[in-house]
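Here's the letter readout for the chains.
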There are 2 protein chains.
Amino acid sequence: MKKFLLLLVFCWCLVLVLPAQQNIGGKPQEIHSPVVQGGCKVRLQFLAPGAKSVQVKGDWLTQGASATLKKNDQGVWQYLSDSLTSDLYTYQFVVDGVTMVDPSNVYVVRDVSSLYSLFMIPGAREENYGVHDVPHGTLSYPWYPSPFLKMKRRLAVYTPPGYEQSTKSYPVLYLLHGMGGDETAWSTLGSSTAILDNLIAAGKTRPMIVVMPNGNAAQSAAPGHSSTGFAPVSFMLPHTMEGTFEKSFKDILTYIESNYRVKKDKADRAIAGLSMGGFHSLYIAANAPGMFDYVGLFSPAISARGGDSSAIYQNLDRKLIAEQKAGYKLYWIGIGKQDFLYKEVADFRQKMDSLHLPYTYHESERWHMWSNWRDYLTVFTQKLFK
Amino acid sequence: MKKFLLLLVFCWCLVLVLPAQQNIGGKPQEIHSPVVQGGCKVRLQFLAPGAKSVQVKGDWLTQGASATLKKNDQGVWQYLSDSLTSDLYTYQFVVDGVTMVDPSNVYVVRDVSSLYSLFMIPGAREENYGVHDVPHGTLSYPWYPSPFLKMKRRLAVYTPPGYEQSTKSYPVLYLLHGMGGDETAWSTLGSSTAILDNLIAAGKTRPMIVVMPNGNAAQSAAPGHSSTGFAPVSFMLPHTMEGTFEKSFKDILTYIESNYRVKKDKADRAIAGLSMGGFHSLYIAANAPGMFDYVGLFSPAISARGGDSSAIYQNLDRKLIAEQKAGYKLYWIGIGKQDFLYKEVADFRQKMDSLHLPYTYHESERWHMWSNWRDYLTVFTQKLFK
């Protein structure tokens with residue numbers, strides 16, 4: 001058996017392993033990238049003897065910035081970061097102007113129409129976002145019927161540890177993605193299942209169901225998971241932010257409340273979203289006073305102007321007042337100081353103040369990025385259903 | 001609102017879209033890759049003015065072969081395939097010796113420790129593997145306790161359309177991956193959820209639950225989904241093919257039969273696997289006569305020699321005879337003519353013949369590859385539970 005296994009491994013190595021990093025100029029090249037050094041710095045490497053420039057764009061750098069890799073005499077481009085705080089980081093190489101993932105790193109994630117390579121820096125946030133030896137919930141991808149949109153649509157559902165073995169009902173958080181995202185965004189880029197698992201295990205968050213729908217009314221499912229196959233991914237889809245998704249939200253609520261053991265009262269319903277999903281959350285909640293006790297706007301794309309064509313967006317002030325009259329326990333707004341939507345959010349807070357509507361404001365560092373949204377989810381879920 | 005949306009899109013474009021394909025030497029470069037032309041040829045492009053050679057490795061080429069891209073005067077390397085038969089294809093570029101995915105293609109899949117870019121050629125197999133407008137089952141990733149392995153472990157479960165709304169019980173197929181694979185392999189590379197959805201919708205396959213466990217006894221979950229974080233991915237793990245996974249299989253069966261509405265008799269249980277998973281299926285079934293009416297060995301890594309140290313692997317002949325005596329309806333073996341395990345499988349068939357054990361043999365073209373395993377799954381599941 002051992003001999004057979006060795007043969008097997010040898011044959012597979014020929015097929016799979018050797019071509020993964022070939023030898024240039026007869027010298028063996030062992031490229032390990034990324035490597036986390038000293039627990040807080042990342043070393044990146046890229047083999048490209050013929051390239052004229054290799055840069056890295058990563059979300060530990062200043063917004064929009066890139067850093068330059070330096071080539072050694074073996075044609076290996078290298079980079080060592082400064083000390084980084086604990087987080088999940090994404091990056092891309094730019095090789096003579098072409099953006100690509102790190103070919104030595106098998107961990108990638110799609111954000112809208114781009115792929116990014118991943119690494120994690122240990123510490124406080126890794127405690128929240130990493131998979132640890134705690135009881136785990138289940139991530140599922142069911143399809144629900146949307147009579148309003150006249151299609152079957154895919155969504156992601158997190159059920160907490162013990163859900164399958166229990167008979168009790170749980171509170172629900174509806175968690176919405178941003179523009180160009182889809183039902184996979186929160187469970188991949190957002191680390192939502194690990195965050196919930198870890199917070200529930202630590203007793204910091206109540207066990208809850210988290211529903212992560214697809215907020216693009218024109219789409220039945222994420223790219224690669226619908227009948228459009230492997231079509232190019234669009235950032236801007238038709239029927240986005242013009243009221244259609246908000247009107248179709250009742251189909252999601254109906255499906256979840258008919259197919260999962262959920263509590264069906266205001267005290268056990270929360271809605272939150274990032275960017276476009278914050279905009280969706282704002283208007284879904286404002287149009288259904290008495291539906292949610294908890295609303296979370298993460299770097300929300302709110303215009304705060306009203307007067308738009310869809311009835312969903314009209315008379316916002318009156319709707320917000322009605323929402324508060326029906327009662328809510330938490331209206332949570334989070335944004336980064338450098339976010340391009342900072343001013344929009346400041347205007348919205350001014351509106352809330354002038355209407356004497358209570359809210360909790362969370363201002364973080366940095367900009368419109370998943371690093372903030374993972375953190376907001378961690379903070380927000382600890383305040384729910386208490 | 002429109003003006004705000006335009007601002008929003010503009011800002012995001014700056015962040016996300018422009019850097020994705022930068023301009024070299026002042027000339028705009030629009031790289032579209034892959035593009036399926038005329039329904040059956042694929043055109044690939046890669047921008048690398050400084051590269052000395054760009055090749056493509058793809059599973060439409062002869063095993064182990066690569067094809068050369070040609071550079072045009074704008075530094076764009078190009079390739080046009082011959083006419084391809086309908087299938088899901090994977091490929092990688094080799095740029096001056098470095099293997100990488102196509103940076104213009106957002107659709108990638110991980111196979112063990114490598115990433116591959118994807119495209120689909122329309123036609124018969126796309127009808128099977130693509131997502132179509134049919135009722136969809138649910139893909140879930142629950143964790144089950146394994147008292148034998150002393151860990152919580154993740155698995156993938158496909159429940160057929162209507163499972164959540166029904167009260168009836170379903171037959172179960174246990175579907176195992178190959179060496180270096182994990183619980184995500186069949187649902188990503190194997191297109192298992194689309195295959196089942198499409199066959200069930202066409203009335204060709206009975207609705208069933210498909211359980212896709214992790215066959216690496218040393219692993220709790222797929223890379224990136226366990227507490228090992230983003231560690232390098234190993235092809236060869238400890239405690240592989242030495243009896244441990246086979247012994248732990250009863251923990252999976254117990255979990256599924258306790259937590260899902262499944263039929264619990266031989267007539268409603270099937271087990272199948274590819275390569276190492278075929279080896280696992282062979283021995284799990286042989287050590288539990290009367291457990292499965294259906295066994296599927298897809299390009300199985302069977303040594304067919306017996307005499308190995310673990311009791312699981314000893315006295316195979318006697319076990320196979322006992323298995324047939326307890327009764328099975330289908331013992332299905334599939335392999336490609338160019339598979340490096342062809343001879344092993346021929347020897348095993350000879351053993352089955354000499355023991356007068358019935359089996360169905362399916363010989364396909366080509367080698368040890370997912371193209372065959374998706375097809376075998378399509379053929380095999382149509383024969384189950386009838």
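Above this text you will find the structure in question.
Residues numbered from 1 in each chain as written. Chains lettered and ligands numbered in written order. Predicted model: local features only at pLDDT ≥ 70, side-chain atom pairs only at ≥ 80, totals over all residues. Heavy atoms only, no water.

## Structural notes on the interface of chain B and chain A
And step 1. The partner chain A presents 82 residues to the 82 residues of chain B that form the contact.
And step 2. Carbon and sulfur atoms supply 68% of the area buried between chain B and chain A, which totals about 6900 Å² over both sides.
And step 3. The interface formed by chain B and chain A holds two salt bridges in total.
And step 4. There are nine residue pairs in polar contact (both at pLDDT 80 or more) connecting chain B and chain A.
And step 5. Secondary-structure elements contributing two or more residues to the side of chain B that touches chain A are α1 (2-17), β2 (41-47), β7 (87-95), β8 (98-100), β9 (108-111), β10 (114-121), β11 (138-141) and α5 (244-259) of chain B.
And step 6. If one sorts the elements of the side of chain B that touches chain A by residue count, α1(B) sits on top with seven residues.
And step 7. Looking at side-chain class alone, the side of chain B that touches chain A contains 49 nonpolar, 24 polar and nine charged residues.
And step 8. Across three bridges, the pairing between strand β11 (residues 138-141) of chain A and β11(B) is antiparallel. Residue pairing across strands places A:S140 opposite B:S140, the latter belonging to β11(B). (Contact = heavy atoms within 4.5 Å. Buried area = accessible area lost by both parts, 1.4 Å probe. Salt bridge = Lys/Arg side-chain N within 4 Å of Asp/Glu carboxyl O. Polar contact = N/O pair within 3.5 Å; in protein donor to acceptor, adjacent residues only side chain to side chain. Helix = DSSP H or I, 4+ residues; strand = E, 2+ residues; numbered from the N terminus. Nonpolar A, V, L, I, M, F, W, Y, C, P; charged D, E, K, R; others polar. Pairing = 2+ DSSP bridges.)

## Some thoughts on the sheet that holds strand β1 (residues 35-37) of chain B
All names here are of chain B.
And step 1. The strand order across the open sheet built from four strands is β1-β2-β6-β5, with neighbouring strands paired in antiparallel fashion. Because the sheet does not close on itself, it has two edges, and the strands there are β1 and β5 (70-71).
And step 2. In the sheet, β2 pairs with strand β6 (residues 76-80) via five bridges, with the strands oriented antiparallel. Note on β6: the bridge partner recorded for L47 is V76.

## Remarks on the pairing of strand β16 (residues 209-212) of chain B
Each regular strand displays side chains that alternate between the two surfaces of the sheet.
Residue and element names in this part refer to chain B.
And step 1. Burial along β16 is two-sided: the residues I209 and V211 and V210 and M212 are all buried.
And step 2. Pairing of strand β14 (residues 156-159) with β16, which is carried by three bridges, proceeds in the antiparallel orientation. When the bridges of β16 are listed, Y158 appears paired with V210.
And step 3. Pairing of strand β15 (residues 172-176) with β16, which is carried by three bridges, proceeds in the parallel orientation. Bridge pairing in β16 links Y174 to V211. (Buried < 20%, exposed > 50% of the residue type's maximum accessible area, 1.4 Å probe, protein only.)

## Description of the pattern of salt bridges
Residue and element names in this part refer to chain A.
And step 1. For the structure on display, the rule yields 24 salt bridges over all chains.
And step 2. Of the charged contacts in the structure, one is a salt bridge between R269 and E257, with a shortest N-O distance of 2.9 Å. With R269 in strand β17 (residues 269-274) and E257 in helix α5 (residues 244-259), the pair connects residues that are 12 residues apart, well separated along the chain. Like E257, R269 is buried.
And step 3. Here D293 makes a salt bridge to K329, at a shortest N to O gap of 3.9 Å. Of this pair, D293 sits in the loop between α6 (276-286) and β18 (294-298) while K329 is found in the loop between α7 (316-326) and β19 (330-336), placing the two residues 36 residues apart along the sequence.
And step 4. Exposure remark for D293: the relative accessible area of 4% places this residue in the buried category.
And step 5. A single network of salt bridges, built from pairs that share partners, joins D87, R125, R374 and D375.

## Quick look at the packing of helix α6 (residues 276-286) of chain B against helix α7 (residues 316-326) of chain B
Residue and element names in this part refer to chain B.
And step 1. Where α6 meets α7, the axes come as close as 9 Å, and the angle between the chain directions of the two elements is 70°. By the criterion of interaxial angle, the relationship of α6 to α7 is roughly perpendicular. Across the interface between the two elements, L282, Y283, A285 and A286 from α6 touch L316, K319, L320 and E323 from α7.
And step 2. The residue inventory of the contact of α6 with α7, partitioned by class, reads six nonpolar, no polar and two charged. (Axes fitted to C-alpha atoms, helices over the stretch in contact; angles between N-to-C directions. Parallel < 35°, antiparallel > 145°, perpendicular 65-115°, else oblique.)

## Considerations on helix α9 (residues 370-381) of chain A
Residue and element names in this part refer to chain A.
And step 1. Counted at 1.5 Å a residue, the expected span for α9 with its 12 residues is 16 Å, and the 16 Å between its end C-alpha atoms agrees.
And step 2. Among the 12 residues of α9, 11 are classified as buried, and the element is accordingly described as predominantly covered.
And step 3. Taken residue by residue, α9 has W370, S371, N372, W373, R374, D375, Y376, L377, T378, F380 and T381 as its buried positions. (Expected span 1.5 Å × (residues − 1).)

## Looking at the relation of the copies chain B and chain A
And step 1. Expressed as a screw operation, the relation of chain B to chain A combines 0.0 Å of axial shift with a rotation of 180°, fitting to an RMSD of 0.0 Å. What we have between these two chains is a two-fold relation. Within chain B, B:S140 has its C-alpha nearest the rotation axis, a separation of 2.0 Å.
And step 2. When you check the interface residues of chain B against chain A, 100% turn up at the interface there too, and the contact is symmetric in its surfaces. (Least-squares fit on C-alpha atoms with pLDDT ≥ 70 in both.)

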